[in-house]
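# Structural description and commentary
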Amino acid sequence: MILVTGGAGFIGGNFVLQALQANVGGLVNLDKLTYAGNLQTLQSIHHFPNYSFYQGDIGDKSLVSKLLIQHRPSAIINFAAESHVDRSIHGPQDFIQTNIVGTFNLLESARLYFDTLEGSEKDHFRFLHVSTDEVYGTLEKSAPAFSETNPYEPNSPYAASKAASDHLVRAWFHTYGLPVLTTNCSNNYGPYQFPEKLIPLVINNALKGKPLPIYGDGLQVRDWLYVTDHCEAIYTVLHKGKLGETYNIGGNNEKTNISVVQTICSILDQLKPRSDQKSYAEQITFVKDRPGHDRRYAINASKIASELGWKPKETFETGICKTVQWYLDNQDWVEGVVSGSYRDWVSKQYTE
Ligand code: NAD
Ligand code: DAU
């Protein structure tokens, strides 16, 4: 039995689907259902007898404690977070509340529960915290990729809040002996990603004939990891990771933003040509840069490869084709998530 938090979001949702389809056992999903949480993602498994969903906050200690006592999980995987950098710039409060205070409360609930366990239940219990490469800050063009020993130098309110949560997780291991694991991952993409993030936003805007906004000069570099590879890495760390350790997870796919957008345009040109036969690349528009925009992220994933035997299966070329095709095939899902509040966000971010 695993307690997943944030399992109605992009990565958590993919993890829940993958885990239940692979029949890994029972799963309890605790999600607040913010704008980013979507139960449509989980429609295919919501009736499974070994799955239960609770709407609630990771910071609600009495609810979390009740769930832990009732379901007696052997692991907690914490995906729940406010995750969008641009939103953290417009309004950092929710990021502090969920990512820092929420993680603190979750750790406390986990600690109280862990203290009640005995024997093999205690030996097997794990708390896995899902974090990001953004905690390491930004890299010069030719600097070596982030390894687990890089210093933390977060630059956005989002990255700072994730860095704080990582520090809390570490402290709960060293001070209280809570059996924790932390993963720091690069940019994920794939099915069910909310269309505020670069790749789904560009696909969605392209199909709607809207501008494809590129911040600044578009030469910022991100490492892209297909979401199912990330979920497999998390499962690997959960089962084989050494307690108290952190593991960097990456896709070995460093790309500039402009090249990612151009690739999406050329795939769409093939799969769903514009009615005027022009390329979707005509819709590319350079806009004001993100404040404090990190120039480059890159992940050195050699530790998880050599110690735990995990490597990504998808290349960017295979993953991005699957992703574009998924969005073309699942326009109903996209329409279901782009609510009034999504439209308010888009107008705030791209017109102000
Ligand atoms: P997401 O924004 O798509 O989903 C977050 C989920 O958490 C949503 O379902 C939301 O309803 C839920 N949630 C938010 N606040 C909550 C609270 N207080 N209590 C319970 N649930 C709450 O995020 P994602 O992209 O799936 O990211 C998942 C995790 O992975 C995050 O911790 C993020 O920092 C980390 N991460 C993401 C990426 C990426 O590229 N998306 C990369 C590295 C790490
Ligand atoms: O690196 C891991 C991180 O990746 C995660 O921790 C975050 O949760 C996740 O949101 C992601 O952060 P980024 O800021 O890198 O992702 P985003 O999709 O917002 O942007 C990717 C790049 O594209 C970034 O350099 C900003 C740029 N961008 C983004 C948007 C939304 C644009 O040029 N235009 C846009 O409209």
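First things first, this report covers the structure right here in the doc.

The rules we used
Residues numbered from 1 in each chain as written. Chains lettered and ligands numbered in written order. Predicted model: local features only at pLDDT ≥ 70, side-chain atom pairs only at ≥ 80, totals over all residues. Heavy atoms only, no water. Near = heavy atom within 4 Å. Polar contact = N/O pair within 3.5 Å; in protein donor to acceptor, adjacent residues only side chain to side chain. Helix = DSSP H or I, 4+ residues; strand = E, 2+ residues; numbered from the N terminus. Nonpolar A, V, L, I, M, F, W, Y, C, P; charged D, E, K, R; others polar. Expected span 1.5 Å × (residues − 1). Buried < 20%, exposed > 50% of the residue type's maximum accessible area, 1.4 Å probe, protein only. Contact = heavy atoms within 4.5 Å. Areas by Shrake-Rupley, 256 points an atom, 1.4 Å probe, with all protein chains shown as cover. Salt bridge = Lys/Arg side-chain N within 4 Å of Asp/Glu carboxyl O. Pairing = 2+ DSSP bridges. Axes fitted to C-alpha atoms, helices over the stretch in contact; angles between N-to-C directions. Core = buried A, V, L, I, M, F, W, Y, C linked by side-chain atoms within 4.5 Å.

What follows deals with the site of ligand 2. Within the structure, ligand 2 sits among 24 residues, and Thr132, Asp133, Tyr158, Arg290 and Tyr350 are positioned closest to it. Between an oxygen atom of ligand 2 and a side-chain N or O atom of Asn257, the distance comes to 2.8 Å. When contributions to the shell around ligand 2 are tallied by element, the ones reaching two or more residues are helix 3 (85-90), helix 7 (198-207) and strand 8 (212-215). Counting residues per element, the shell around ligand 2 draws most heavily on strand 8, which supplies 3 residues. Across the shell around ligand 2, the residue classes break down as 10 nonpolar, 7 polar and 7 charged.

Moving on, we come to helix 6 (residues 157-176). The end-to-end C-alpha separation of helix 6 is 28 Å, in line with the 28 Å expected for 20 residues at 1.5 Å each. Of all the residues in helix 6, the buried ones are Tyr158, Ala159, Ser161, Lys162, Ala163, Ser165, Asp166, Val169 and Trp172. The inward-facing, buried residues of helix 6 contact helix 3, helix 4 (93-116), strand 5 (126-132) and strand 6 (180-185). Downstream of helix 6 by one or two residues, Gly177 has phi in the positive range, about 75°.

What follows is about the site of ligand 1. Around ligand 1, 28 residues are found, and the nearest of them are Ile11, Asp31, Ser83, Tyr158 and Lys162. Within the contact set of ligand 1, a nitrogen atom lies 3.1 Å away from a backbone nitrogen or oxygen of Lys32. One nitrogen or oxygen atom from the side chain of Ser83 is found 2.6 Å from an oxygen atom belonging to ligand 1. In isolation ligand 1 offers 840 Å² of accessible surface; the protein chains occlude 97% of this area. When contributions to the shell around ligand 1 are tallied by element, the ones reaching two or more residues are helix 1 (10-21), strand 5, helix 6 and strand 7 (187-189).

On to the pattern of salt bridges. Taken as a whole and assessed by the stated rule, the structure comprises 14 salt bridges. Where Lys32 meets Asp57, a salt bridge forms, and the shortest distance between an N and an O atom there is 3.5 Å. Within this pair, whereas Lys32 is found in the loop between strand 2 (27-31) and strand 3 (51-55), its partner Asp57 is found in the loop between strand 3 and helix 2 (61-71), the two being separated by 25 residues in sequence. Overall, the relative accessible area of 42% leaves Lys32 in the partly exposed class. Close ionic contact of Arg87 with Glu196 constitutes a salt bridge, the shortest N to O distance being 2.7 Å. Of the two residues, Arg87 sits in helix 3 while Glu196 sits in the loop between strand 7 and helix 7, which places them 109 residues apart along the sequence. Residue Arg87 shares its accessibility class with Glu196, and that shared class is buried. Salt bridges here are not isolated pairs; linked through shared partners, they connect Arg87, Glu196 and Lys197.

Within the open sheet, the 3 strands sit side by side as 7-9-11. Their pairing is mixed. Sheet topology places strand 7 and strand 11 (254-256) at the edges, where each strand pairs with a single neighbour. Taking the axes of each pair of neighbouring strands and ignoring which way they run, one obtains an average angle of 50° across the sheet. Inspection of the sheet shows strand 9 (residues 221-226) paired to strand 11 by 3 bridges, in the antiparallel sense. Opposite Val221, over in strand 11, you have Thr256 as the bridge partner. Set on the sheet, helix 8 (residues 227-240) makes contact with strand 7 and strand 9; between it and strand 9 the angle comes to about 75°.

Turning our eyes to something else, we now look at the nonpolar core. One finds Ile77, Ile199, Ile264 and Ile304 to be the most contacted residues of the largest nonpolar core, which totals 66 residues. Per element, the largest residue contribution to this core is 7 residues, and it comes from helix 9 (residues 257-271). With residues near it in sequence (within four places) discarded, Ile199 still touches Tyr189, Trp224, Val260, Ile264, Phe316, Ile320 and Thr323. Counting residues in each nonpolar core, the second largest holds 22 residues, with Leu106, Leu107, Val169 and Leu178 among its members.

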